[in-house]
Structures are given as structure tokens and as C-alpha cells.
Amino acid sequence: MIEVRLFATLRQGREKIIMLESETVSTVGDILRKLDIPTEEVSILLVNGFHKKTETPVQDGDIVALFPPVGGG
Amino acid sequence: MANAYYEKIARINLTTGEIKVEKLDLDLARKFIGGRGLGTKMLYDEGVATVDPLSPENKLIYITGPMTGAAAPSTGRYMVVTKSPLTGMIACSNSGGIWGAKLKYAGWDAIIVEGQAPEWTYISIDDDKIELLDAREYLGMLSEATDVTLKEKHGSDASVLNIGPAGEKQVLMAAIMNDKDRAAGRSGVGAVMGSKKLKAIVVKCSRKTLDVIADEEALKEATKKALTVLRENPVTSSGLRQLGTAILVNIVNNVGSLPTKNWQESYYEQAEDISGETLAEKYLVKAGACHRCPIACARVIDVNGRVTGGPEYEPLWAYGANCGNNDLNIIDECNMLCNEYGLDAISVPCTIAAAMELYQRGAIKEEDCAGVPLEWGSTKALVEWTKRIGNPETELDWLMSSGSARLCEHYGMPEVSMSVKKQEMPAYDARGIQGIGITYATSNRGGCHVRGYMISPEVLGLPQQLDRTVPDDKAAWAKTFQDLTAVIDSMGHCLFTSFAMGAQEYTDLLNAATGTHYTAEEVLEIGDRIYNIERMFNKAAGMKPEDDRLPKRLLQEPIVNGPSKGMVSQLPLTLPQYYEARGWVDAFPTDETLKKLGLDECIGK
Ligand code: SF4
């Protein structure tokens, strides 16, 4: 399974945490398509805590965290 | 010619009651802009670097920037510049709201407060008229009540700045509050105010705008551009308004850099409970904004039926993960207590976290705790100890209220204090995010994130994404961020505009308002100069090269859990690179660097 964590506005109309069968997606981009999240809505994209891109491959056991553009201090 | 300054400074001697009006040195203002830069230069020239910070000899400078109150984005800022009783070095605490703008509209670029009043006093400013009034009846009053009472007396158009009980008692982590919930929070500036027996400053003004702009048309043009940039950037247009800075809880936790239980861990399983998302869902009433701010990051929340200012990211973390507490309602309450007592909502909870670790290690015993043991996650401890720090009575109360460095030193465990230059570090683990460690170690006011916010490029990807795990190029980045930040603080803008705006936008605004013709490079050089004058103040105050350091834990104890497990700070590698970029040797500018920056008066000092 792949654990997808959604934050801030990406949660609107979606669950906070979504579990996906690892066979059904091979990259982060696939996950976005599957969850119907437009790429431009995501600005921080983490796989297991590290910044990655949409083409990054994902595998069983990965945690993918997605954030819209946000700032703070 | 108009130049965005009123060219007027009030010097108020509380010992003698004398009030003098002095002319602003315009050449100096051009060289240091205003606010943080000019204030530090003025304090340096006043020769107070070696005095006891809580003695009548220390001075308090309340200073605006040329942009403060101007018709440009997020210009409600003023700064308090003084020698810090917490760090023994330069303090410059920045606050929003509207007080600063009103001080400027009243016709003052700055006020310098010196001496010590014979009896508790407050200052009333009504345009040109400045009076010293009896404050004895307000003694012991909480901050919000002081605000309300003084407004009732002086009129609802007055804006009030004050200290709470913590400042009165010269607690080293006391803040100065204005407009109820805005704070010049850090470095114990409230204690200096208390040492002068100054309870409040009330400002009224008849002007509603800044009417001394050099080129109104150019400012309109520059503001239009800046507003467009802010509107087109998703962070400044909607991100901060929707979730405030609190959004960072989940992000920083997910990169394994949310210090937990006094930095013993760096990933907090319950982070969701104390996150910006949860705050918005459960307690948010609406977003709030400082004067002339389109970003509106402030939180207005409901705390047990009382509508008040809500916590920023920092107290959410410090009272939350860092104390092992996931009760958000308690964080809201403690944050409100910090505002009411007038306390730094970063240093206070971080000191409680350090005390909890001392308790865990057996250094503080249960019998020392007067019925409220310092157990991890104890909500009762968080509330009670905040009150005790805000109004100390027992020996341990006083020790705690002097900050974590002095507290841990007392128990023979200095390494438990997660501080730099005796000021507590904020909410980002410098082992998991390499560049922010340079900011912490070299910040002239001690542990602080807003002196060069490396979280922007290293975590948020603004203006571009840097790899948080490596030290490469971070020294140069940190220097540039520090210099630009010094400029923004000196102009009187809110730093958060810089999520979208760059050096060119600030330069255009500054030139339009003040009539200068600087390039962006020249403006950044002013930032460099400001950073160096702060450093020279610290040198005069007795700072040593070894004060540019990080706690041993960050250098020697790898992160134990979460995604950044195994990482340590590589500061020993980046610090020499940073000094080289600055033109410093052993933590201080060389004569050549001082000369290049036009700081000839500091050569040989
Ligand atoms: S961004 Fe936030 S702190 Fe800054 S001026 Fe606006 S409301 Fe105040």
C-alpha cells in the first residue's frame, strides 16, 4: 500500500489520508491523476519526507505528502 | 523636499522628565534606511553596548521605517531596539498592528527613551504633544485590560503599546504588546521597559496618511506592481489568509524537522492535532490583518468563548510538540496567557520544554514544583508555569523566568538549553534543514528564524527549491536572505511580503517614497551594512566568536526518529564559508570589510 497524505486546501472534498494499492500507480503523477488533483495545485510534494517531482516513481510502503502553495514563519 | 521621514525624533528622559525634540540625521537615514538599521546605528552611537541592560543607562528606541504607514503593502511595522537583557546583545523586536503607523502619522520617526522614572509612568503622544503621566493605577494590570482602560481614557482613536506583569517584574522573556495581541516579542524588550518603570505608550494622531512621500506617482506605480506580485503569488494571496503560519506544523513534521520534547525527537506523531488545519476547523473565527496588509495571516480564534488573537506556528509547536502536548485548546489558552502577561510565546514554552527535560533527567525534583510537576504533555503544567513565569514568586519561578540557558546552567546541564546566545531557537530542526542552522548560529539577536528565513528555499521552495539535506551553497543563500531581511525590517514592511516580493520591488518602493535612486544591489549592500553594525554592537557588548554556535545536540546527536533520522547539522563546514562570504574573520568584520561598507567609525573597535 501507498499512504497519501493531503493537507490544507487539498483536503477539500477529499479524505485526509488515502491508501492506494501500489500496483495501481507507478509515479507521484499517477497518484495526482487518480485523486483528480491538478498538478498546478500542488506545490510541495514529499515522498518519505523528501522533496520530489511528479515523475518520481513510488513503491509499496511509501508515504506521499502533498501540499498546496503555503508560507509561514 | 519630502522624503518619507518627518525628520523628527523625541528624546524622553524618564529620570528628569525632560523631553527634547531632535532632528533626524538624514545622511544616517539614507545609509541605514530606518527601523532596524537606523535604530541599531543610533543605539551604537549612544554608547550603551557595555551597560547593564536593565539599568537606567540602557536606552529604548521605538522606531518606524520610511515606509511605516505609507500607502504600500503591509506597512504597519515598528521596531524596538535596545540592548537585550536576555542575550546581552542587540535586541530588535518587530511588531505590526497599527501603533507604529500612528506614531509615524503623529509626526515622529522615532522616540528614544532613557533613564528611569521615579514612579510608574506612561507616555501619551498626541501629535506634537508629549506628556508623562502617572501609571501607578495600572500596575499589575494584564495587557489587554491596560489597552482597554487607556483607550477609555484617551479615546477609541488612540493606539496603545504596553507591558504586562512580566515586563513590570523585568522577566527576561517579557514582550512589549500593542493593539491587544500584536507583540514585539523577542529578546526581553519588555523587561527593559519595566526597568524604566514605563508601563505604556499611548499614541494619537490627526493625520490619516503619510503625507511626506517624495514621489506620490512613483509610489502608486510601485505599490500597484507590488500588489500584483502579492496577488499572483498563491502564498500571499490566499495561503496565509486561509491557514496562517500554522500551516507549517504538518509540513515541517512531514520533513522530519519538527523538534519534539525539547528537540530529543524530530517527528511528532500527534502533529495533526495541533496543526493549522485543525486550528481552522475547530477554533478559527476569521483571518485578521495588520495595518494596510492584504495578506492577513493573523488568526482570530475562539478560546473558551472569548474571541482573541490566535497562535502562530511558533507557539503551536513550542507549547505542542516541543512539550509533548497535543491539546490544541490548551495551546490557544497558553498563547492568550503570553499575550496577557506580555511574554515571548517562543522563549517561554521552550523554557518550559527545557525544564521538562530537566525534570525527566531528575535535575528538577517533584518537590521543587509547588504542586505542578513538569511532566511531558501535562496541560496543567503548561498553563500554571506560563502564569508563574509571567508573575514569578518562588525561586524556581524566577529561575524559569530567566530563560532556558540560565535555568539549565543552574542545574549543571547547559546542553539541555536549546538556545543560541541565550535565546531559544524556533520551530525548525537545523539537523534536518541545513541552511537554517547558519541563520540560527549567526543571528545577531540569538536563536531566531526571521533573520534569514532559509525555510523558504529549503522547505517551501520559494523562490526555488534547495535540497534541505545538504550544506552546499547555503552560506551564500543565508547571507543574501539576512541582508534582504535587514532591508525589509528597516523599511517598515512585514517580512511576509517577501514570499512574493523580491529585492527589486522593495527598491522601487523605497526610491519612490524617499526620493533615492538606489539599485537593488545597493539596497542589498545597505542590508549587509546593517548586519555588520549589529555585529559591531555585539562585539562592543562582549560577544565572543564561540557565541556563533549551535547547541551540542544539533552537532553531535543524530535525529532519532522520522524521515530525517540520522542527520546532524553540518555547521562546522558551513560557518567558515559564511564568514568568508561576509568578509569576517573569527566572527567579526575585518577592517577592510568595514571600510567597504562605509562603517569607518567602527574600524579598530
Ligand atoms: S502578513 Fe501577517 S504579520 Fe504581516 S502585516 Fe500582514 S497580518 Fe501582519
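**Student:** Would you take a moment to explain the domain arrangement of chain B for this structure?
**Tutor:** Interfaces are frequently sized by the accessible area removed from exposure as the parts join. Residue and element names in this part refer to chain B. Along its sequence, chain B is organised into domain 1 (8-204), domain 2 (245-418) and domain 3 (430-499 + 518-602). With centres defined by C-alpha atoms, the gap from domain 1 to domain 2 works out at 26 Å. The interface of domain 1 with domain 2 comprises 35 residues on the first partner and 32 residues on the second. Contact between domain 1 and domain 2 buries roughly 2,500 Å² in total, counting both sides, with carbon and sulfur atoms accounting for 54%. When the buried area of domain 1 at its contact with domain 2 is split by residue, K169, M173 and R186 rank highest and sum to 27% of it. Where domain 1 meets domain 2, there are two salt bridges. Residue R186 is joined to D344 by a salt bridge in which the shortest nitrogen-to-oxygen separation is 3.0 Å. At the boundary of domain 1 and domain 2, one finds 19 residue pairs in polar contact (both at pLDDT 80 or more). At three residues, helix α5 (residues 165-168) tops the list of elements feeding residues into the side of domain 1 that touches domain 2. Tallied by class, the residues present in the side of domain 1 that touches domain 2 amount to 18 nonpolar, eleven polar and six charged.

**Student:** When you look at the site of the ligand in this model, what are you seeing that I'm missing?
**Tutor:** What surrounds the ligand is the set R77(B), R182(B), A289(B), C290(B), C293(B), I295(B), A296(B), C297(B), C494(B) and F496(B). Partitioning the shell around the ligand into residue classes produces eight nonpolar, no polar and two charged.

**Student:** I'm lost on the pattern of salt bridges in this one. Help?
**Tutor:** Any two side chains of opposite charge can pair if their charged atoms end up close together. All names here are of chain B. Inspection of the entire model under this criterion finds 41 salt bridges over all chains. Residues E168 and K199 are paired through a salt bridge, measuring 2.6 Å at the closest nitrogen-oxygen approach. A residue pair is termed long-range when its members are at least 10 positions apart, and E168 in helix α5 and K199 in strand β12 (residues 198-204) qualify at 31 residues. Each of the two residues, E168 as well as K199, counts as buried. One salt-bridge network, held together by shared partners, links R11, E22, E46, K59 and E114.

**Student:** Please clarify how the interface of chain B and chain A should be interpreted in this entry.
**Tutor:** Facing the 33 residues of chain B at the interface are 19 residues of chain A. Taking both sides of the interface into account, the surface hidden between chain B and chain A amounts to around 1,900 Å²; carbon and sulfur atoms contribute 61%. Inspection of the chain B/chain A interface yields two salt bridges. A salt bridge links E272(B) to K16(A); the nearest nitrogen and oxygen atoms lie 3.9 Å apart. If you list the elements that add at least two residues to the side of chain B that touches chain A, you get α8 (234-243), α9 (248-254), α10 (276-282), α11 (313-319) and α18 (455-460) of chain B. Tallied by class, residues from the side of chain B that touches chain A come to 18 nonpolar, nine polar and six charged.

**Student:** Even after reading the chapter, I still don't get the side chain of E7(B), so can you show me in this structure?
**Tutor:** Residues and elements named next belong to chain B. Assignment of secondary structure puts E7 in the segment before β1 (8-13). A distance of 2.9 Å separates a polar atom in the side chain of E7 from a polar atom in the side chain of N3. A polar side-chain atom of E7 sits 2.5 Å from a polar atom in the side chain of K23. What E7 contacts, discounting residues up to four positions off in sequence, is E22, K23, L24, L26 and D109.

**Student:** Could you clarify how one ought to interpret helix α20 (residues 503-514) of chain B in this entry?
**Tutor:** For an α-helix, 3.6 residues make a turn, and residues three or four places apart therefore share a direction. Residues and elements named next belong to chain B. Compared with an ideal rise of 1.5 Å per residue, which puts twelve residues at 16 Å, α20 spans 16 Å between its outermost C-alpha atoms and is within 8% of the ideal. The complete set of buried residues in α20 reads Y506, T507, L509, L510, N511, A512, A513 and T514. Each element contacted by the buried residues of α20 is listed here: α1 (26-32), α7 (216-232), α19 (474-491) and α21 (520-540). At the C-terminal side of α20, G515 shows a positive phi close to 80°.

**Student:** Before we go on, may I ask you to explain the pairing of strand β5 (residues 63-67) of chain A in this structure?
**Tutor:** On a regular strand, one side chain projects to one face of the sheet and the next to the other, so that they alternate. Residues and elements named next belong to chain A. Counting buried positions over the five residues of β5 gives four, a clear majority of the element. Two strands pair when backbone bridges link them, and strand β1 (residues 2-6) and β5 are joined in this way by four bridges, in the parallel orientation. Looking at the pairing, E3 lines up with I63 of β5. Pairing between strand β3 (residues 44-47) and β5: four bridges, direction antiparallel. Each bridged residue has a counterpart across the sheet, and for I44 the counterpart in β5 is F67.

**Student:** Could you clarify how one ought to interpret the environment of N250(B) in this entry?
**Tutor:** Mapped onto the elements of the fold, N250(B) is located in helix α9. A residue is classified by how much of its surface remains accessible, and N250(B), at 3% relative accessible area, is buried. Beyond its immediate chain neighbours, meaning those up to four positions away, N250(B) contacts F7(A), R11(A), F67(A), A271(B), E272(B), S275(B) and E277(B). Here E272(B) takes part through its side chain, which lies 3.2 Å from a polar atom of the side chain of N250(B).

**Student:** Could you clarify how one ought to interpret the nonpolar core in this entry?
**Tutor:** Nonpolar side chains in soluble globular proteins tend to be buried together. Counting 214 residues, the largest nonpolar core has Y62(B) and I352(B) as the members making the most contacts within it. Grouped together as the second largest cluster of nonpolar side chains are 18 residues, I18(A), V25(A), I31(A) and L35(A) included.

**Student:** Help me understand the packing of helix α2 (residues 35-46) of chain B against α19(B), please; the structure alone is not making it clear to me.
**Tutor:** The relative placement of two packed helices comes down to the angle between their axes together with the axis-to-axis distance. Residues and elements named next belong to chain B. In contact at an axis separation of 5 Å, α2 and α19 are set at 85° when each is read in the N-to-C sense. When the axis of α2 is compared with that of α19, the two are roughly perpendicular. Residues G35, R36 and G37 of α2 pack against T485, A486, D489 and S490 of α19.

**Student:** Just to check I follow, could you spell out the state of the cysteines for this structure?
**Tutor:** Chemically, a disulfide is nothing more than a covalent bond linking the sulfur atoms of two cysteines. Inspection of the entire model under this criterion finds zero disulfides over all chains. The thiol sulfur of C408(B) is not disulfide-bonded, and the nearest other cysteine sulfur, from C350(B), lies at 11 Å.

Each value, and the rule that gives it
Residue numbers run consecutively from 1 along every chain, following the written order of its sequence. Throughout, the order in which chains and ligands are written sets their labels, letters from A for the former and numbers from 1 for the latter. Reporting in this predicted model follows two pLDDT cut-offs: at least 70 for local features of residues, and 80 or more for side-chain atom pairs to be given and counted; totals over whole chains, interfaces and linings ignore these cut-offs and use all residues. Excluding hydrogens and water, the side-chain values take into account all heavy atoms of the structure. Delimitation of the domains relies on an automatic or database domain assignment. Whether two residues touch is decided by their heavy atoms; if any such pair falls within 4.5 Å, the residues are in contact. Buried area is calculated as the accessible area (1.4 Å probe) missing from two parts once they are joined, with the contributions of both summed. Think of a salt bridge as a Lys or Arg side-chain nitrogen and an Asp or Glu carboxyl oxygen that are within 4 Å of each other. Here a polar contact is recorded for every N or O atom pair within 3.5 Å, except that within protein the pair must consist of a potential hydrogen donor and a potential acceptor, and residues adjacent in sequence are included only if both atoms are side-chain atoms. Only runs of H or I of at least four residues qualify as helices and only runs of E of at least two qualify as strands under DSSP, and these elements are numbered from the N terminus. Side-chain classes follow a simple rule in which Ala, Val, Leu, Ile, Met, Phe, Trp, Tyr, Cys and Pro form the nonpolar group, Asp, Glu, Lys and Arg form the charged group, and the remainder, Gly included, forms the polar group. In this text, near means that some heavy atom of the residue lies within 4 Å of the molecule or strand in question. Note on classification: 1.4 Å probe, protein chains only; a residue is buried when its accessible area is under 20% of the maximum for its type, exposed when over 50%, partly exposed between these limits. In a helix, the anticipated span is given by 1.5 Å times the number of residues less one. Two strands are said to pair when DSSP picks up at least two bridges between them. Among the buried residues, those of types Ala, Val, Leu, Ile, Met, Phe, Trp, Tyr and Cys that are joined through side-chain atoms within 4.5 Å form a nonpolar core. In this description, a line fitted to the C-alpha atoms serves as the axis of each element, helices being fitted only across the stretch in contact, and the angle between N-to-C directions of two axes falls anywhere from 0 to 180 degrees. Should an angle fall under 35 degrees it is called roughly parallel, over 145 degrees roughly antiparallel, and 65 to 115 degrees roughly perpendicular, with every other angle called oblique. For this text, the term disulfide refers to a pair of cysteine sulfurs within 2.5 Å.

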